[in-house]
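Tertiary structure, described
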Number of protein chains: 2
Amino acid sequence: MPRIVIDPALVERYVFELAEHGAYAATGVWRPAYSPAWQAAQRQLAAWFAQAGLSVRYDAAGNVWGRLAGQRGGPAIVTGSHIDTQQPGGRYDGALGVVAGLVALQAIFAQHGPPRRPIEVVSLCEEEGCRFPGTNFWASRAILGLIDPAEYETLCDEDGISIGAAMRGAGLNPEQLGTARRDDLAAFLELHIEQGPVLEHAGLPVGIVTGVTGLRQYVVEVRGSANHAGAFPMDLRRDAMAGAAAMIGEVIAAAAALGRPAVTTVGRILAKPNYPAIIPERVTFTVDVRHPEAQALAALFARHEASFARIAAECGLEVDWQITLDQPPSPADPALVELLEQAASARGTPFARLHSGAGHDSLMLARIAPMAMIFVQSKDGRSHTPAEFTAIDHAVAGIEILADALYALAWSDQMTR
Amino acid sequence: MPRIVIDPALVERYVFELAEHGAYAATGVWRPAYSPAWQAAQRQLAAWFAQAGLSVRYDAAGNVWGRLAGQRGGPAIVTGSHIDTQQPGGRYDGALGVVAGLVALQAIFAQHGPPRRPIEVVSLCEEEGCRFPGTNFWASRAILGLIDPAEYETLCDEDGISIGAAMRGAGLNPEQLGTARRDDLAAFLELHIEQGPVLEHAGLPVGIVTGVTGLRQYVVEVRGSANHAGAFPMDLRRDAMAGAAAMIGEVIAAAAALGRPAVTTVGRILAKPNYPAIIPERVTFTVDVRHPEAQALAALFARHEASFARIAAECGLEVDWQITLDQPPSPADPALVELLEQAASARGTPFARLHSGAGHDSLMLARIAPMAMIFVQSKDGRSHTPAEFTAIDHAVAGIEILADALYALAWSDQMTR
């Protein structure tokens, strides 16, 4: 396996120039899907793809594809990620994976000429679901042919603009979305920042991802009686806040006691009526539960649900919960994981096997193609913030592994399917 | 001591007709201070005061006073309460105390003629602090001469209307507020609904209030690090929600373990950024702590503050707290309490001694006059809701005691000061 030479300066230039589209404060990026800044960034990538010798195509969802035709044809090896950001996000979440794919293809093509098999880099749209909540991996779902035309008008941003209207504003025709479907992917490889502190704590530049976590989000509603904070003795209260605090404490403690890789998060809470001198009648909170193994995940769900029911009964409260998101674990393809590990080992690049605790387009695309991911170290584990940062040598260490693996797949035809 | 005869039908008529001003849904009242509904209710009371033979006066704060001149002059015996409501509130909180004073004076005057000492009934404005947060017993502070003219423009309602502008809109001149000051109160008696379930649970119509609770409100801010709910292992988190839940659980449990009359309430909570998949960086919550005894109150403060500090340290979080309200306990006047108890006993009306866990104008007016309060039973302990209800026989039982005591004070001149 030849080692592909990656130019750190080129990686840095692409990351920084791309970040100018939607630049926010000193180091942030505010680039929601289909916004003018996002459109400009996609045009920029299309130009770079073309300069690198790739043939460029926009699909009906607005994804930009750069392709090297294979001498042999057949299904395509694909790499890439997304360039939409949180509001605000940083320069690396998503964008680094698109830059990585571009740099890798550009380097292999320059160093080894045309591939045997077709290979593509893609810049996907609306992964964060940040402008349009509920899109749930819009670009990937378009590629899978899973978007219901009703969604064009029902999924809206904060200003009430539907995703269909936003697409038309970006020169796209949602009625054509069916044409974005692909059934010719041989593999999907995605490089992404870790978004967590595990690699940094272990002193490793790179992680090879064994799978994307399963996750469930609950909305839990605890109901008691609103009464006067001064006039109601403790022993006669039905205090929704007391019950909610006990539930929150217990679910967080349960995941903490299990230890890695179990995680449980209460990120959102609302009390009603939310006045200092009134005992809350209703407290609503979210519970986000993740584990990469299906059985352990199911056990954690059962344990949390038992906590909700038991504490409500003990406190004389009512409780209901709804499941608002439910994703089974999505394992990476073992052969691709092995290929990435071989590449890392051949380079002498130290790495860890880890799972992804966050969702990614890979989670969706794994339904139609063998999938694997490479993580690169995130400073302080930060993401979704202008403060997110990945050192260029860590990015390059990941891109080298990606490039070597892509070479093996498309140029040396090491894995045929 | 002669027993004053109270007409239940008149009490009921006044309560129901007054509730028409600002009527909200079937049984609610929405009557914020200085609103048109509130102005109409004050005019209605002024008319009833005049019909009852009282001389009527508006002061510069908008309080309406009805007075019977004493044959002897000197400081005045005063009774009354407020008629502003929560948004929405019910028919009884505040209003019943004004009606009680009017009915009592009307009955005594009709049955026994003019008093020896001056006696007044007053309908106070903005007790709830609901339209203008931070007013902190506006009417009573005006009577005490404690309002800073800067407050006219700094205290604003949700729509940004200052209390000064609202007063001018109601035909009042805030610049004249100093003239509302009184230094000639011989006693202040207030009848109020209990707002709690203690009398109902004990099967008693009436409570004699031994004092108004001391209370403190904290705003507690817990700070950790916002990170991705999936990508951050439990053992590396600085989860502000985990710390806040532990603190909330502990302060509520501490008051519950102490038992009556200690109460601690967490009524308001806000998380930042408040997204399901992000570990909260900051959780802010209020803690309302009450006890009628100063020493026990101080011990509870110390215990809660120790919880905040210890849990923050254990969880690797930062914590700050601010005290936004701090009222020492305000004991009722022992001689007035005894007078009320004698009246209840003479009537054969069963009663309990209890403290007020809620703040009242009496708390402020106790600074310039001996004060006492009568509570009447609240159905289910409810208040600050259209569902609040006091049975007419319970109201009358309280008004009888009030009337007998007022007779003793102003007609028979039983207590001279």
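Residues numbered from 1 in each chain as written. Chains lettered and ligands numbered in written order. Predicted model: local features only at pLDDT ≥ 70, side-chain atom pairs only at ≥ 80, totals over all residues. Heavy atoms only, no water.

Moving on to the packing of helix α1 (residues 8-18) of chain B against helix α12 (residues 392-411) of chain B. Residue and element names in this part refer to chain B. Relative orientation of the contacting elements α1 and α12 amounts to 110°, with a least axis distance of 10 Å. Here α1 is positioned roughly perpendicular relative to α12, judged by the angle of their axes. Here Pro 8, Val 11 and Glu 12 of α1 come into contact with α12, specifically with Ile 392, Ala 395, Val 396 and Ile 399. Considered class by class, the residues forming the contact of α1 with α12 number 6 nonpolar, no polar and 1 charged. (Axes fitted to C-alpha atoms, helices over the stretch in contact; angles between N-to-C directions. Helix = DSSP H or I, 4+ residues; strand = E, 2+ residues; numbered from the N terminus. Parallel < 35°, antiparallel > 145°, perpendicular 65-115°, else oblique. Contact = heavy atoms within 4.5 Å. Nonpolar A, V, L, I, M, F, W, Y, C, P; charged D, E, K, R; others polar.)

The next thing to look at is the pairing of strand β4 (residues 64-68) of chain B. Note on strand geometry: in a regular strand, side chains alternate between the two faces of the sheet. Residues and elements named next belong to chain B. Burial runs high along β4: 4 of the 5 residues are buried. The pairing of strand β3 (residues 55-58) with β4 spans 4 bridges and is antiparallel. Residue pairing for β4: Ser 55 is matched across the bridge by Arg 67. What sits between β3 and β4 in their antiparallel hairpin is a turn of 5 residues, with Gly 62 showing a positive phi close to 100°. (Buried < 20%, exposed > 50% of the residue type's maximum accessible area, 1.4 Å probe, protein only. Pairing = 2+ DSSP bridges.)

Take the pairing of strand β9 (residues 214-223) of chain A next. All names here are of chain A. Among the 10 residues of β9, 8 are classified as buried, and the element is accordingly described as predominantly covered. Two strands pair when backbone bridges link them, and β9 and strand β14 (residues 282-291) are joined in this way by 10 bridges, in the antiparallel orientation. Each residue of the ladder has a partner; that of Gln 217, found in β14, is Asp 288. Two elements, β9 and strand β15 (residues 318-327), share 9 bridges in a ladder whose sense is antiparallel. The partner of Arg 223 across the bridge, within β15, is Glu 318.

Time to look at helix α8 (residues 240-258) of chain A. All names here are of chain A. The terminal C-alpha atoms of α8 lie 27 Å apart, and with 19 residues this matches the ideal 27 Å at 1.5 Å per residue to within 8%. Residues of α8 that are buried include every one of Ala 240, Met 241, Gly 243, Ala 244, Ala 245, Met 247, Ile 248, Val 251, Ile 252, Ala 254 and Ala 255, and no others. At the C-terminal side of α8, Gly 259 shows a positive phi close to 80°. (Expected span 1.5 Å × (residues − 1).)

Another point: the interface of chain A and chain B. Taken residue by residue, the interface counts 56 residues in chain A and 56 residues in chain B. When the two sides are added together, the surface that chain A and chain B hide from each other amounts to roughly 4400 Å², 63% of it contributed by carbon and sulfur. At the surface where chain A touches chain B, the tally comes to 2 salt bridges. Along the contact surface separating chain A from chain B lie 10 residue pairs in polar contact (both at pLDDT 80 or more). For the side of chain A that touches chain B, the secondary structure elements donating two or more residues are α7 (198-202), β10 (227-228), α8, β11 (263-265), β12 (269-272), β13 (278-279) and β14 of chain A. (Buried area = accessible area lost by both parts, 1.4 Å probe. Salt bridge = Lys/Arg side-chain N within 4 Å of Asp/Glu carboxyl O. Polar contact = N/O pair within 3.5 Å; in protein donor to acceptor, adjacent residues only side chain to side chain.)

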